[in-house]
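# A look at the structure
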Amino acid sequence: MKNNKMQSYWKKNLTYLVILLLVWFTVSYGFGILLAPYLDTFHLGGFKLGFWFAQQGSIYVFVIIIFVYVWLMNRLDKNYDVDEK
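Analysis parameters
- Residues numbered from 1 in each chain as written.
- Predicted model: local features only at pLDDT ≥ 70, side-chain atom pairs only at ≥ 80, totals over all residues.
- Heavy atoms only, no water.
- Helix = DSSP H or I, 4+ residues; strand = E, 2+ residues; numbered from the N terminus.
- Buried < 20%, exposed > 50% of the residue type's maximum accessible area, 1.4 Å probe, protein only.
- Lys, Arg positive; Asp, Glu negative; His and termini not counted.
- Salt bridge = Lys/Arg side-chain N within 4 Å of Asp/Glu carboxyl O.
- Phe/Tyr/Trp six-rings, centres within 6.5 Å; stacked < 30°, edge-to-face > 60°.
- Contact = heavy atoms within 4.5 Å.

## Thoughts on the side chain of D77
Inspection of the secondary structure assignment puts D77 in helix α3 (residues 49–79). Buried charge without a partner: D77 forms no salt bridge, and the closest opposite charge is K78, 9.3 Å away.

Written out as C-alpha coordinates, the structure is:
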(Lines give C-alpha, C1' and ligand atoms only; values in the text may rest on other atoms or scores of the structure.)
Protein backbone atom coordinates (compact mmCIF):
# COMPACT_ATOMS: atom_id res chain seq x y z
CA MET A 1 0.00 0.00 0.00
CA LYS A 2 2.74 2.46 0.97
CA ASN A 3 4.73 1.67 -2.19
CA ASN A 4 1.66 2.35 -4.31
CA LYS A 5 1.13 5.65 -2.52
CA MET A 6 4.72 6.76 -3.12
CA GLN A 7 4.54 5.79 -6.79
CA SER A 8 1.43 7.90 -7.13
CA TYR A 9 3.17 10.77 -5.34
CA TRP A 10 6.19 10.70 -7.65
CA LYS A 11 4.05 10.33 -10.74
CA LYS A 12 2.14 13.48 -9.76
CA ASN A 13 5.43 15.26 -8.98
CA LEU A 14 6.86 14.37 -12.41
CA THR A 15 3.63 15.51 -14.06
CA TYR A 16 4.04 18.91 -12.40
CA LEU A 17 7.67 19.08 -13.51
CA VAL A 18 6.91 18.21 -17.12
CA ILE A 19 4.07 20.74 -17.38
CA LEU A 20 6.06 23.56 -15.79
CA LEU A 21 9.15 22.85 -17.90
CA LEU A 22 7.00 22.83 -21.03
CA VAL A 23 5.63 26.24 -20.07
CA TRP A 24 9.17 27.54 -19.57
CA PHE A 25 10.35 26.02 -22.86
CA THR A 26 7.41 27.53 -24.71
CA VAL A 27 8.06 30.99 -23.30
CA SER A 28 11.85 30.98 -23.63
CA TYR A 29 12.30 29.12 -26.92
CA GLY A 30 8.92 29.59 -28.56
CA PHE A 31 8.25 33.23 -27.71
CA GLY A 32 11.89 34.34 -27.52
CA ILE A 33 13.12 32.68 -30.71
CA LEU A 34 10.51 31.05 -32.93
CA LEU A 35 7.74 33.63 -32.60
CA ALA A 36 10.04 36.63 -32.08
CA PRO A 37 9.56 38.08 -35.59
CA TYR A 38 5.77 38.08 -35.14
CA LEU A 39 5.93 39.34 -31.55
CA ASP A 40 8.29 42.14 -32.59
CA THR A 41 5.32 43.85 -34.22
CA PHE A 42 4.09 44.60 -30.67
CA HIS A 43 5.87 46.72 -28.08
CA LEU A 44 6.14 46.45 -24.31
CA GLY A 45 7.74 49.30 -22.40
CA GLY A 46 9.32 50.69 -25.55
CA PHE A 47 10.88 47.35 -26.54
CA LYS A 48 9.80 44.88 -29.17
CA LEU A 49 7.85 42.07 -27.50
CA GLY A 50 9.96 39.27 -29.04
CA PHE A 51 13.12 40.92 -27.75
CA TRP A 52 11.52 41.42 -24.34
CA PHE A 53 10.60 37.73 -24.05
CA ALA A 54 14.10 36.70 -25.08
CA GLN A 55 15.79 39.04 -22.60
CA GLN A 56 13.42 39.38 -19.64
CA GLY A 57 10.21 37.44 -20.11
CA SER A 58 11.70 33.96 -19.82
CA ILE A 59 13.49 34.96 -16.61
CA TYR A 60 10.28 36.34 -15.08
CA VAL A 61 8.37 33.23 -16.10
CA PHE A 62 11.09 31.01 -14.60
CA VAL A 63 10.86 32.80 -11.25
CA ILE A 64 7.06 32.51 -11.30
CA ILE A 65 7.39 28.81 -12.13
CA ILE A 66 9.60 28.34 -9.05
CA PHE A 67 6.90 29.81 -6.81
CA VAL A 68 4.17 27.79 -8.52
CA TYR A 69 6.21 24.59 -8.08
CA VAL A 70 6.74 25.29 -4.38
CA TRP A 71 3.02 25.92 -3.92
CA LEU A 72 2.08 22.75 -5.85
CA MET A 73 4.57 20.61 -3.94
CA ASN A 74 3.43 21.92 -0.56
CA ARG A 75 -0.14 21.04 -1.52
CA LEU A 76 0.93 17.62 -2.82
CA ASP A 77 2.92 16.92 0.35
CA LYS A 78 -0.12 17.69 2.47
CA ASN A 79 -2.35 15.47 0.34
CA TYR A 80 0.05 12.54 0.71
CA ASP A 81 0.85 13.31 4.35
CA VAL A 82 4.58 13.77 3.78
CA ASP A 83 4.68 17.45 4.69
CA GLU A 84 6.87 18.87 7.43
CA LYS A 85 4.95 19.33 10.64
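## Observations regarding the packing of aromatic side chains
Enumeration according to the criterion identifies 9 aromatic pairs in this entry. Centre to centre, the rings of W24 and F62 are 4.6 Å apart; their planes meet at 35 degrees, and the pair counts as tilted. Here the residue W24 occupies a position in helix α1 (residues 2–34), and F62 occupies one in helix α3, the gap between them amounting to 38 residues. Of the residues examined, W24 reaches a relative accessible area of 32% and is grouped as partly exposed.

## Thoughts on the side chain of S58
Tracing the chain through its elements places S58 in helix α3. Apart from the residues lying within four places of it in its own chain, the contact partners of S58 are W24, V27, S28 and F53.

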